[in-house]
Amino acid sequence: AQRVTQPEKLLSVFKGAPVELKCNYSYSGSPELFWYVQYSRQRLQLLLRHISRESIKGFTADLNKGETSFHLKKPFAQEEDSAMYYCALIRWGKLIFGQGTTLQVKP
Amino acid sequence: DAGVTQSPTHLIKTRGQQVTLRCSPKSGHDTVSWYQQALGQGPQFIFQYYEEEERQRGNFPDRFSGHQFPNYSSELNVNALLLGDSALYLCASSGQGDQETQYFGPGTRLLVL
């Protein structure tokens with residue numbers, strides 16, 4: 001069965017520190033993976049998808065098929081990065097989400 | 001473009017009642033998906049509508065049903081409400097050019113007492 005696991009419920013870092021939000025998946029085939037973000041009082045929005053290989057707001061994510069991971073990274077965290085982050089994969093139009101990680105960036 | 005809109009924003013019902021939630025997709029989008037997000041959990045897929053038909057369904061009972069209208073807007077209906085149906089219900093839309101990028105609405109928060 002397809003599954004997405006985000007092992008950390010909360011990640012707390014200081015401003016300027018590197019950030020890595022972990023995501024592991026189980027999927028038979030070539031997965032299409034996404035990171036979604038939800039800022040306080042805002043709707044869920046797409047941050048990036050692996051197929052586009054873009055860097056959005058300084059975040060990047062590399063698909064590692066050997067480790068079945070799609071970790072989200074940023075070299076220098078900003079306070080405005082504080083939010084809930086969800087990793088997801090898509091199969092037949094259906095998004096399968098992890099449980100989410102709250103990122104707290106302290107001043 | 002206001003993006004995906006949902007109504008109402010909040011709703012309180014009692015057990016056994018029925019509820020209808022509404023969603024208007026982003027302009028130019030023809031596919032609507034519904035998700036349930038319980039507190040502290042990631043969204044769970046309920047079903048997806050395309051060309052007024054249910055195209056995909058998640059692991060939800062038949063009490064959950066939906067509809068899509070010719071203008072692509074959609075409704076989610078839940079019958080015989082249970083306390084466990086209390087959640088945030090999210091609607092997402094996607095379009096012909098990129099079916100896999102889904103844009104989410106603000107959600108409807110349902111509380112069942």
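Presented here is an overview of the structure given in this document. What you see is a predicted model, and the numbers here were worked out from it, not measured in a lab.

Rules of the game
Residues numbered from 1 in each chain as written. Chains lettered and ligands numbered in written order. Predicted model: local features only at pLDDT ≥ 70, side-chain atom pairs only at ≥ 80, totals over all residues. Heavy atoms only, no water. Helix = DSSP H or I, 4+ residues; strand = E, 2+ residues; numbered from the N terminus. Rg over C-alpha atoms; globule rule 2.2 N^0.38 Å. Contact = heavy atoms within 4.5 Å. Areas by Shrake-Rupley, 256 points an atom, 1.4 Å probe, with all protein chains shown as cover. Lys, Arg positive; Asp, Glu negative; His and termini not counted. Charge placed at Lys NZ, Arg CZ, Asp CG, Glu CD. Pairing = 2+ DSSP bridges. Axes fitted to C-alpha atoms, helices over the stretch in contact; angles between N-to-C directions. Core = buried A, V, L, I, M, F, W, Y, C linked by side-chain atoms within 4.5 Å. Buried < 20%, exposed > 50% of the residue type's maximum accessible area, 1.4 Å probe, protein only. Phe/Tyr/Trp six-rings, centres within 6.5 Å; stacked < 30°, edge-to-face > 60°. Lys NZ or Arg CZ within 6 Å of the ring centre and 35° of its normal. Salt bridge = Lys/Arg side-chain N within 4 Å of Asp/Glu carboxyl O.

**Considerations on the overall build of chain B**
- A count of helical and extended segments in chain B gives zero helices and 11 strands.
- The linear arrangement of helices and strands in chain B, starting from the amino end, is β-β-β-β-β-β-β-β-β-β-β.
- A compact globule built from 113 residues should have a C-alpha radius of gyration of about 13 Å, and chain B, at 13 Å, falls within 12% of that.
- Along the longest, intermediate and shortest principal axes, the C-alpha atoms of chain B span 40 × 25 × 25 Å.
- Within chain B, contacts between residues at least 6 apart in sequence are counted, and of these 53% link residues at least 24 apart.
- In the structure as shown, chain B presents an accessible area of about 5,400 Å², 48% of it carried by carbon and sulfur atoms.
- Here chain B carries 8 positive and 11 negative side-chain charges, and the mean point of each set is 13 Å from the other.

**So, the sheet that holds strand S3 (residues 19–24) of chain B**
Residue and element names in this part refer to chain B.
- Sheet architecture is open: four strands sit in the order S1-S3-S8-S7, paired in antiparallel fashion. In the strand order of this sheet, the two ends are held by strand S1 (5–7) and strand S7 (64–68), each with one partner. Across the sheet, the mean angle from the axis of one strand to that of its neighbour is 20°, orientation sign disregarded.
- Two elements, S7 and strand S8 (residues 74–78), share five bridges in a ladder whose sense is antiparallel. Counterpart to Gln68 in the pairing with S8 is Ser74.

**A few points about the nonpolar core**
- Formed by 25 residues in total, the largest nonpolar core has its most connected members in Trp35, Leu47, Leu48, Phe70, Leu72 and Tyr85 of chain A.
- Those elements that place two or more of their residues in this core are strand S2 (10–14), strand S3 (19–21), strand S5 (32–38), strand S6 (45–49), strand S9 (83–91) and strand S11 (101–106) of chain A.
- A total of four residues in this core trace back to one element, the largest contributor, which is S9 of chain A.
- Setting aside chain neighbours within four positions, we find Leu72 of chain A in contact with Val19, Glu20, Leu21, Trp35, Leu47, Leu48, Phe59, Thr60, Ala61 and Tyr85 of chain A.
- By size, the runner-up hydrophobic cluster in this structure holds 19 residues, among which are Cys23, Phe64, Leu76 and Val112 of chain B.

**A short note on the packing of aromatic side chains**
- Within this structure, the stated rule accounts for 11 aromatic pairs over all chains.
- Ring centres 6.1 Å apart and planes at 85° place the aromatic pair Tyr86 of chain A and Phe97 of chain A in the edge-to-face group. Of this pair, Tyr86 of chain A sits in strand S9 while Phe97 of chain A sits in strand S10 (residues 94–97), and the two are 11 residues apart along the sequence.
- Judged by relative accessible area, which is 10%, Phe97 of chain A ranks as buried.
- Centroid distance Phe97 of chain A to Tyr35 of chain B: 5.9 Å. Interplanar angle 85°. Geometry classified as edge-to-face. With Phe97 of chain A in strand S10 and Tyr35 of chain B in strand S4 (residues 29–37), the pair connects residues from two separate chains. Across the pair, Tyr35 of chain B and Phe97 of chain A agree in class, each one buried.
- Counting every residue linked through ring pairs, the aromatic cluster contains Phe34, Tyr36, Tyr86 and Phe97 of chain A together with Tyr35, Phe45 and Phe104 of chain B.
- Seen from the ring of Tyr103 of chain B, Lys26 of chain B lies directly overhead, with NZ or CZ sitting 5.2 Å from the centre.
- Lying over the aromatic face of Tyr50 of chain B, Arg55 of chain B brings its terminal NZ or CZ to 4.5 Å of the ring centre.

**Description of the environment of Lys94 of chain A**
- If you trace the backbone, Lys94 of chain A turns up in strand S10.
- Beyond its immediate sequence surroundings of up to four residues, Lys94 of chain A is in contact with Leu89 of chain A together with Tyr35 and Phe45 of chain B.

**Regarding the pattern of salt bridges**
- For the structure on display, the rule yields eight salt bridges over all chains.
- Between Lys22 of chain A and Glu20 of chain A there is a salt bridge, with its nearest N and O atoms 3.0 Å apart.
- The partner of Arg22 of chain B in a salt bridge is Glu75 of chain B, with the nearest N and O atoms 3.4 Å apart. Separated by 53 residues along the polypeptide, Arg22 of chain B in strand S3 and Glu75 of chain B in strand S8 bring together distant segments of the chain.
- Since its relative accessible area comes to 41%, Arg22 of chain B is described here as partly exposed.
- Taken together, the salt bridges that share partners define one network made up of Glu20, Lys22 and Lys73 of chain A.

**Re the sheet that holds strand S7 (residues 60–61) of chain A**
All names here are of chain A.
- Strand order in the open sheet made by the three strands is S3-S8-S7, with antiparallel pairing throughout. Each having just a single partner strand, S3 and S7 make up the two edges of the open sheet.
- Inspection of the sheet shows S7 paired to strand S8 (residues 72–74) by two bridges, in the antiparallel sense. Opposite Ala61, over in S8, you have Leu72 as the bridge partner.

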